[in-house]
Amino acid sequence: MLKLTLLLGVLLVPAATLDLSALIAQLWPNESTGVFDSVARIPYSDLMNDNPYVDPFVLHSMKAFGFFYVVDVPDYSAETELELMTTFFGLPEDVKADTEIRAHNPANPNAYRGYCPGLDDIEATLQYKNIFNIGPHEKRAPFFDNKLDDATEKLRYDVQEPNVWPNTADCDFDKDFKETFQAGFELRRGIARAFVRSMSRALEMPGLPSLFTEDEFSAMGLRKYPERRAVNTNMYSDFDGELLRELEHVDSTVTVLSTFENGGLQMLYKNEYKDAPNSGNDFIVNIGKLVDDVIDNELISVRHRVKEVAFTRYSITYFLGPSFDADISR
């Protein structure tokens, strides 16, 4: 009944060439009994072209589940991204050290962008992961005066830190890595902003996209979760006792996630954690608490986690935050 109601809404949208059967096949490709089978699968081109028919499907998924999928992305290869990530994380530590953040390599100027090696402190942490962090800037804006005492301007300068990229003996790899993930950043940023536009229409909040015109706080993290060699009590969920790889949490911004074919991601649904289908060559989109507050808690900022898996796990997270000067007060 719910699908019929949504489709009736779609039919009210003028579309000279709307292929309803193809639309149904894309949004619900396989009828089965999985709890997340009704999560919308939105074609990339329709989302990016601001086709209004997608809005009720996105809205329903965000209200019912807290996430949806973006599918049929042209010229995108998750396999290529995964191969490049695997190669980078497999480089010798002394080679990766050239891109390490300052907290791990004081000789480097970069505080946020670049490589952050995981800490295998089994007695103290669950968060054992290696991250390569990419931002929206390749050059820092040359406006900052080191004598300036204004904390806001200092923060503005800090968040515009330029990216750092691998500089190995393999020039082809260095070029492919940089170009692939620059393009991947732009791709995910476009998806996140298109989602914001969709929600501005669905929720009748026309000013919402203006809060995301700049993205100084945006970040894309290439993540490797190595196999754990030991287990301690910190790794068990306080919610249900599940052994975890990534703790339960709610994001803060708009998130575009790639899990490839790596299982383990679980979403909280009706007070139970359920396995989310892998992203494959598609993307998972959800929002966090900050964005939910901005839109008056109209949608679900879904709580999620990664259960322990018996393999090295890779993923990519992209976060789109509001502009530095955006007024997000309510």
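In what follows, the structure referred to is the one given above.
Analysis parameters
- Residue numbers here run from 1 along each chain, matching the order of that chain's written sequence.
- In view of the model being predicted, local features appear only for residues whose pLDDT reaches at least 70, and side-chain atom pairs are presented and counted only at 80 or more, with totals across whole chains, interfaces and linings using the full set of residues.
- Each side-chain value is derived from all of the structure's non-hydrogen atoms; neither hydrogens nor water enter the calculation.
- Any carboxyl oxygen of Asp or Glu within 4 Å of a side-chain nitrogen of Lys or Arg constitutes a salt bridge here.
- Only DSSP runs of H or I covering at least 4 residues are called helices, and only runs of E covering at least 2 are called strands; the numbering of each starts at the N terminus.
- A simple rule labels every residue: compare its accessible area, found with a 1.4 Å probe on the protein chains alone, to the largest value its type can have, and call it buried under 20%, exposed over 50%, or partly exposed in between.
- By this definition, two strands are paired if DSSP reports at least two bridges between them.
- Orientation is described by axes fitted as lines to C-alpha atoms, over the contacting stretch for helices, and by angles from 0 to 180 degrees between their N-to-C directions.
- In what follows, residue pairs with any heavy atoms lying within 4.5 Å of each other are defined as contacts.
- Under the pairing criterion, centres of Phe, Tyr and Trp rings, with the six-membered ring standing for Trp, must be within 6.5 Å; the plane angle then separates stacked pairs below 30 degrees from edge-to-face pairs above 60, leaving the rest tilted.
- Whether a charge sits over a ring depends on NZ of Lys or CZ of Arg being within 6 Å of the ring centre and within 35 degrees of the ring normal.

### Concerning the pattern of salt bridges
A side chain of one charge can pair with a side chain of the opposite charge when the charged atoms of the two come close.
Okay, so step 1: All chains considered together, the criterion is met by 19 salt bridges.
Okay, so step 2: When the shortest N-O distance is used, the salt bridge between Arg201 and Asp55 registers 2.8 Å. Within this pair, whereas Arg201 is found in helix H8 (residues 171-202), its partner Asp55 is found in helix H4 (residues 55-64), the two being separated by 146 residues in sequence.
Okay, so step 3: The salt bridge partner of Asp215 is Arg193, with a shortest N-O separation of 4.0 Å. Taken together, the residues span a long stretch of sequence, with Asp215 in the loop between H8 and strand E5 (219-225) and Arg193 in helix H8 at a distance of 22 residues.
Okay, so step 4: Relative accessible area serves as the criterion here: at 5%, Asp215 is assigned to the buried category.
Okay, so step 5: A single salt-bridge network, built from bridges that share partners, covers Asp50, Asp55, Arg197 and Arg201.

### Some details on the sheet that holds strand E4 (residues 130-134)
Okay, so step 1: Strand order in the open sheet formed by eight strands is E1-E2-E10-E7-E12-E5-E4-E3, and the pairing between neighbours is mixed. Pairing within the sheet leaves two strands with one partner each, and these edge strands are strand E1 (41-43) and strand E3 (114-116). Adjacent strand axes in the sheet meet at a mean angle of 25° when their direction is disregarded.
Okay, so step 2: Sheet topology note: the strand E7 (residues 254-258)/strand E12 (residues 313-320) ladder contains five bridges and is antiparallel. When the bridges of E12 are listed, Thr255 appears paired with Phe319.
Okay, so step 3: On the sheet, helix H5 (residues 78-89) packs against E3, E4, E5 and E12 and is oriented at approximately 110° with respect to E12.
Okay, so step 4: Lying over the sheet, H8 contacts strand E2 (67-71), E4, E5, E7, strand E10 (283-287) and E12, oriented at roughly 55° with respect to E12.

### Comments concerning the packing of aromatic side chains
Okay, so step 1: Enumeration over the complete set of coordinates arrives at 21 aromatic pairs.
Okay, so step 2: Ring geometry for Phe88 against Phe132: centres 5.0 Å apart, planes inclined by 70°, an arrangement best described as edge-to-face. Taken together, the positions of Phe88 in helix H5 and Phe132 in strand E4 put the pair 44 residues apart, joining distant regions of the chain. Here the two residues Phe88 and Phe132 agree in accessibility, since each one is buried.
Okay, so step 3: By the ring-pair criterion, three or more aromatic residues cluster together here, those being Phe88, Phe89, Tyr115, Phe132, Trp165, Phe173, Phe177, Phe181 and Tyr314.
Okay, so step 4: Over the ring of Tyr69 we find Arg41, and its NZ or CZ is 5.4 Å from the ring centre.
Okay, so step 5: Positioned above the aromatic ring of Tyr273 is the side chain of Arg305, whose terminal nitrogen or guanidinium carbon lies 4.0 Å from the ring centre.

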